[in-house]
Amino acid sequence: MPCRDWEDGGNNRGLYFEVMKFVIQFLIIIGFSFVGEFFHYVIPLPIPASIYGIVLLSVSLECKLLKVNDVRDVSSFLIAVMPMMFIPAAVGLITSWDIISGSLVKYVVVTFVTTFVVMGVSGLVTQVVIRRGKSK
Amino acid sequence: MDSVFFGVLISLGSYFFGVWLKEKIRWSLMNPLLISIILVIVILLCAGVSYDSYMKGANFIGYLLTPATICLAVPLYQQVELLKKNYKAVIAGICSGVLSSILSVIALAFTFHFDHASYVTFLPKSITTAIGTGVTEELGGYVPVTVVVIIITGVIGNIFAEKFLKLMHIEEPIAKGIAIGSSSHAIGTTKAMEMGAIEGAMSSLSIVVSGIITVFAASFFAGVI
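Everything numeric here is computed off the predicted structure, so don't read it as measured data.

Some remarks on the overall build of chain B
Tallying secondary structure elements over chain B gives 12 helices and zero strands in all. Counting from the amino terminus, chain B carries its helices and strands in the arrangement α-α-α-α-α-α-α-α-α-α-α-α. Its C-alpha atoms give chain B a radius of gyration of 18 Å, within 12% of the compact-globule value 17 Å for 225 residues. By principal-axis analysis of the C-alpha atoms, chain B measures approximately 50 × 40 × 30 Å. The buried share among the 225 residues of chain B stands at 56%. Summarising the internal contacts of chain B: among those between residues at least 6 apart in sequence, 64% fall at separations of at least 24.

A word on the overall build of chain A
Each helix and strand counted, chain A has six helices and zero strands in total. Seen in sequence order, chain A has helices and strands lined up from the N terminus as α-α-α-α-α-α. By the compact-globule yardstick of 14 Å for 136 residues, chain A is too spread out, its C-alpha radius of gyration being 22 Å. Projected onto its principal axes, the C-alpha positions of chain A cover 65 × 55 × 40 Å. Taken across its 136 residues, chain A has 36% of its residues classed as buried.

Quick word on the confidence of the model for chain A
Averaged over all residues, the pLDDT of chain A equals 89, while 91% of them reach at least 70. Confidence, expressed as mean pLDDT per element, reaches its minimum in chain A at helix α5 (residues 93-101) of chain A with 87 and its maximum at helix α6 (residues 104-135) of chain A with 95.

Looking at the interface of chain A and chain B
Opposite the 65 residues of chain A that make contact, chain B presents 89 residues. Counting residues per element, the ones that place at least two in the side of chain A that touches chain B are α1 (13-42), α2 (49-62), α3 (72-80), α4 (87-91), α5 and α6 of chain A. The leading source of residues in the side of chain A that touches chain B is α6 of chain A, at 23 residues. Considered class by class, the residues forming the side of chain A that touches chain B number 44 nonpolar, 18 polar and three charged.

Considering unusual backbone geometry
In the Ramachandran plot, lysine 64 of chain A falls in the positive-phi region, its phi being about 65° despite a non-glycine side chain. In this structure, histidine 169 of chain B is a non-glycine residue whose phi angle is positive, near 55°. Take histidine 169 of chain B: it is sitting in the loop between α10 (143-167) and α11 (173-195).

So, the packing of helix α7 (residues 87-111) of chain B against α11 of chain B
Residues and elements named next belong to chain B. Orientation of α7 relative to α11, taken along the N-to-C sense of each, is 30°, at an axis distance of 9 Å. The orientation of α7 relative to α11 falls into the category roughly parallel. Here α7 runs over α11; the crossing is right-handed. Contacts from Ala89, Val90, Gly93, Ile94 and Gly97 of α7 reach α11 at Ile174, Ala175, Ile178, Ser182 and Ser183. The class makeup of the residues in the contact of α7 with α11 is six nonpolar, four polar and no charged.

Points about the nonpolar core
Counting residues in each nonpolar core, the largest one holds 98 residues, and the members touching the most others are Ile87 of chain A together with Cys71, Ala73, Leu123 and Ile151 of chain B. Not counting residues within four places of it along the chain, the set of residues in contact with leucine 123 of chain B comprises Ile102, Val105, Val135, Leu139, Ala218 and Ala222 of chain B.

Some remarks on the packing of helix α9 (residues 129-139) of chain B against α10 of chain B
Residues and elements named next belong to chain B. Viewed as axis vectors pointing N to C, α9 and α10 meet at an angle of 145°, and their least axial separation amounts to 9 Å. Considering how the two elements wind past one another, α9 and α10 form a crossing that is right-handed. Residues Thr129, Gly132, Thr133, Thr136 and Glu137 of α9 form the contact with α10, whose own contacting residues are Val143, Thr146, Val147, Ile150 and Ile151.

Some words on α9 of chain B
Across the 11 residues of α9 of chain B, nine count as buried, placing the element largely inside the fold. Every buried residue belonging to α9 of chain B is among Thr129, Ala130, Ile131, Gly132, Thr133, Gly134, Val135, Thr136 and Leu139 of chain B, and all of these are buried. Residues of α9 of chain B that are buried sit in contact with α2 and α4 of chain A together with α8 (116-122), α10 and α12 (197-221) of chain B. One or two steps after α9 of chain B, the chain reaches glycine 140 of chain B, where phi turns positive at roughly 85°.

Examining the confidence of the model for chain B
Residue and element names in this part refer to chain B. Confidence along chain B averages 93 in pLDDT terms, with 99% of residues attaining 70 or more. Mean pLDDT values for the elements of chain B range from 88 in α9 up to 97 in α7. Complex prediction metrics read pTM 0.89 and ipTM 0.92.

Rules and cut-offs
All chains use their own residue numbering, which begins from 1 and follows the written sequence. All chains are assigned letters beginning at A, and all ligands numbers beginning at 1, according to the order in which they are written. Two thresholds apply to this predicted model, a pLDDT of at least 70 for residue-level local features and 80 or more for giving and counting side-chain atom pairs, whereas whole-chain, interface and lining totals are computed over all residues. Helix and strand labels come from DSSP, where a helix needs a run of H or I of at least four residues and a strand needs a run of E of at least two; each type is numbered from the N terminus. The reference for a compact globule is 2.2 Å times residues^0.38; the radius of gyration itself is calculated from the C-alpha atoms. Partly exposed residues are those falling between the two cut-offs: more than 12 but fewer than 20 other C-beta atoms within 10 Å of their own, whereas 20 or more means buried and 12 or fewer means exposed, with C-beta atoms placed from the backbone. Note on contacts: each residue gets a C-beta atom placed from the backbone, and two residues are in contact if those atoms are within 7 Å. As a per-residue quantity, pLDDT reports the predictor's confidence and falls between 0 and 100. Put simply, Ala, Val, Leu, Ile, Met, Phe, Trp, Tyr, Cys and Pro go in the nonpolar bin, Asp, Glu, Lys and Arg in the charged bin, and everything else, Gly too, in the polar bin. Angles shown run from 0 to 180 degrees and are taken between the N-to-C directions of axes, each axis being a line fitted to C-alpha atoms and, for helices, limited to the stretch in contact. Should an angle fall under 35 degrees it is called roughly parallel, over 145 degrees roughly antiparallel, and 65 to 115 degrees roughly perpendicular, with every other angle called oblique. Note on convention: near helix rotated counterclockwise from far helix by under a right angle means a left-handed crossing. Clockwise means right-handed. The nonpolar core criterion groups buried Ala, Val, Leu, Ile, Met, Phe, Trp, Tyr and Cys residues into a set whenever they are joined through C-beta atoms within 7 Å.

Structure, rendered in structure tokens:
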């Protein structure tokens, strides 16, 4: 990209499209978040906006209402930095420490054991069904 | 310390440090998320900053979680053909994941003599935070504890998934993705994304499906204890 001058009064068409591309992609994704929030507000189930949003975006892509290119760059970025977004909620540990500390060992055991049980069971079941299908 | 940017600054800074450390020390326990969580807690405690004033800024990072989760639809869509071809295995895997999660929580809750509130706090532990807190609230558990348990579950999945799946001889990319998504939701999914496109897509799908099934299954099993 030869000219990246932000102060040329918007005469650089390439830069204009570059900027607009990101704005539009972000706009679309925030739009889905908003509609997801709306569904969450209207439907009396403990299903969060993000789940409605992911279903709606999948359906829109599948029905060709949107192309992957319409959201590709911004969605790749958001997914790449996603782990970071869990930090604030996890730091909330310091506020619930008083409830947890009393039964810390039990809680840790339950958390570890069940995580591995679920991972093992769901993975093995999926693999067995796939391989049975292949061998037929 | 009341600056809105303080919370964002230490969160981003700690995460940056975590990623850098992982690059330097190539050791799977060096998980950037885990490192940054510990680092932020240490900074807050040392500086005597309350969680509330930290959250004033850190909330802005949290707000991005909904749009980011929605973006998981993109890798999912790109694998939709594969999904259609293997739908039986996918459904069987996710359902067995939800059921094994609930049954293992029941078994351990009996072993440790949990009361009803502690028991339902753990019921939604393998699903995404936003659904899990809703389930716990409705069933009368400790919501802040659920948040911590869900996140720790995710971090465990994120750190140990690769080694554990190898140990269990789970080799099919689809099975790996389902296993990670069903057990450790979005935090595990970020690891599945690193492992491959198929793993990431299947893990994303598991978040959605197992989350929704758990809403109903958890209220069904809530009366057990």
